[in-house]
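Notes for the structure review
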Amino acid sequence: MIRLQVEHDGELLPFLLEHTDYSRNKIKSLLKYRNVSVGNQILTRYDTYLKKGQVVTISLEKKETKIGKIDIIYEDEHYLVVNKPSGMLTIATEKEKNRTLYHFVREYVKKKNKHQKIFIVHRLDQDTCGIVLFSKDESLKQKLQGHWDQVAMKREYTAVVVGILANKKDKLVSYLKENQRNIVYSTKDKSGKLAITSYEVKKENHNSLLSIVIETGRKNQIRVQLNDIGHPIIGDRKYGNVKSKKLLLCANCLWIKDPLTSKVMKFEIHYPREFIKNV
């Protein structure tokens, strides 16, 4: 294990080239296999910006970073954080029992310890990719779920939407209800569930790349509210009738306040490259 103190602000790659004898290819290999971290955040991008005072940790151990086709973002004795691929259910349904995120994660922890249990803390839509948090303790799961809106300090998504938005930055507020066909829709009726979504345009051409932060975690919230303003997400056949191979929505950032330590744990990934290709 190597620990390096950051003395000046700057990007990760030049920092590692200066403070280690590793080649560029070796550094990129370490990043690929998630051996480089700052605090609880595993780094995978060579252009990550570092700030003075941070400590970069390099693990030289070979890590198992896949559960089937799923990336492990972070793991310790209490938590397991994974990157769910688009198209995979988070938990089982009547039609699909085995090819689910929960199934693969459970199989992974059972191989390491047959007595280990695993509990899912929150879900993503089947077609949404990105960060999903698991707990290895049921009481911890209950603490997280019982105060999720307070525990989840930041929930950031990236999406590609149809067209160019007039408002480059906005907050969307509506009340959501669900009909008998499991379609969520916005209403002014306050008996619905309050949904708050903020977005900012990061790149635009024919379509727009958005950075999105949610204050509430309602079912299909982002998809419904963006469709409401006439800019459905690319690939959203359910709400926007926009045909594409994949829904271009990624849960790329989750910050939680650990109820065990009160420390902020930051988990971040980069959205898929295909997002930029569709802007």
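Coordinates for the structure precede this section.
Now for a look at the structure at hand. (Residues numbered from 1 in each chain as written. Predicted model: local features only at pLDDT ≥ 70, side-chain atom pairs only at ≥ 80, totals over all residues. Heavy atoms only, no water.)

1. Points about the pairing of strand 13 (residues 169–178)
We count it as follows: If DSSP finds at least two bridges between two strands, the strands pair. Labels follow the DSSP assignment, with helices taken as runs of H or I lasting at least four residues and strands as runs of E lasting at least two, numbered in each case from the N terminus.
In this structure, strand 13 lies alongside strand 15 (residues 193–204), joined through eight bridges in antiparallel fashion. Looking at the pairing, Val-173 lines up with Ile-196 of strand 15. As judged from the four bridges shared by strand 13 and strand 14 (residues 184–187), these two strands associate in the antiparallel manner. From the neighbouring strand, Glu-178 faces strand 14, where its bridge partner is Val-184.

2. Considerations on the environment of Pro-14
On the secondary structure map, Pro-14 appears in helix 1 (residues 12–19). For the pair formed by Pro-14 and Ile-214, sequence separation is 200 residues and the distance between their alpha carbons is 34 Å.

3. Observations regarding the pattern of salt bridges
Side chains that differ in sign of charge can pair as their charged atoms come close. Worth spelling out the cut-off: Each reported salt bridge corresponds to a side-chain nitrogen of Lys or Arg within 4 Å of a carboxyl oxygen of Asp or Glu. Three labels apply to residues, based on accessible area from a 1.4 Å probe with only protein chains included: buried if under 20% of the type maximum, exposed if over 50%, partly exposed otherwise in between.
Tallied over the full model, the rule gives 13 salt bridges. For Asp-125, the salt bridge identified is with Arg-223, shortest N-O distance 3.2 Å. In this pair, Asp-125 is assigned in the loop between strand 10 (119–120) and strand 11 (129–135) and Arg-223 in helix 6 (residues 221–228), connecting sequence segments 98 residues apart. Here Asp-125 falls in the partly exposed class, since its relative accessible area comes to 23%.

4. Comments concerning the nonpolar core
Test applied: What is meant by a nonpolar core is a set of buried Ala, Val, Leu, Ile, Met, Phe, Trp, Tyr and Cys residues, joined one to another through side-chain atoms within 4.5 Å. We call two residues contacting when some pair of their heavy atoms lies within 4.5 Å.
Formed by 30 residues in total, the largest nonpolar core has its most connected members in Leu-80, Phe-134 and Ile-212. For this core, the elements supplying multiple residues, two or more each, are strand 9 (79–84), helix 3 (101–112), strand 11, strand 12 (152–161), strand 15, strand 16 (208–214), helix 6 and strand 17 (249–257). The dominant element in this core, judged by the number of residues it contributes, is helix 3, at five residues. Apart from the residues within four sequence positions on either side, Phe-134 is in contact with His-78, Tyr-79, Leu-80, Val-82, Leu-101, Tyr-102, Val-105, Ile-118, Phe-119, Ile-120 and Val-121. Core analysis: the next-biggest nonpolar cluster, separate from the first, contains 28 residues, Leu-133, Trp-148, Met-265 and Phe-275 among them.

5. Re the side chain of Asp-258
For clarity, the cut-off: For the purpose of counting charges, residues Lys and Arg are taken to be positive, whereas Asp and Glu are taken to be negative. His and the chain ends are not included. We define a polar contact as two N or O atoms separated by no more than 3.5 Å, with the added condition that, inside protein, one atom must be a possible hydrogen donor and the other a possible acceptor, whereas residues neighbouring each other in sequence contribute only through side-chain atom pairs.
Mapped onto the elements, Asp-258 comes out in the loop between strand 17 and strand 18 (264–268). Of the side chains with opposite charge, Lys-143 lies nearest to the buried Asp-258, which makes no salt bridge, at 8.4 Å. A polar atom in the side chain of Asp-258 sits 2.9 Å from the backbone nitrogen of Leu-260. Once you skip the residues sitting within four places of it in the chain, Asp-258 turns out to touch Tyr-79, Lys-263 and Met-265.

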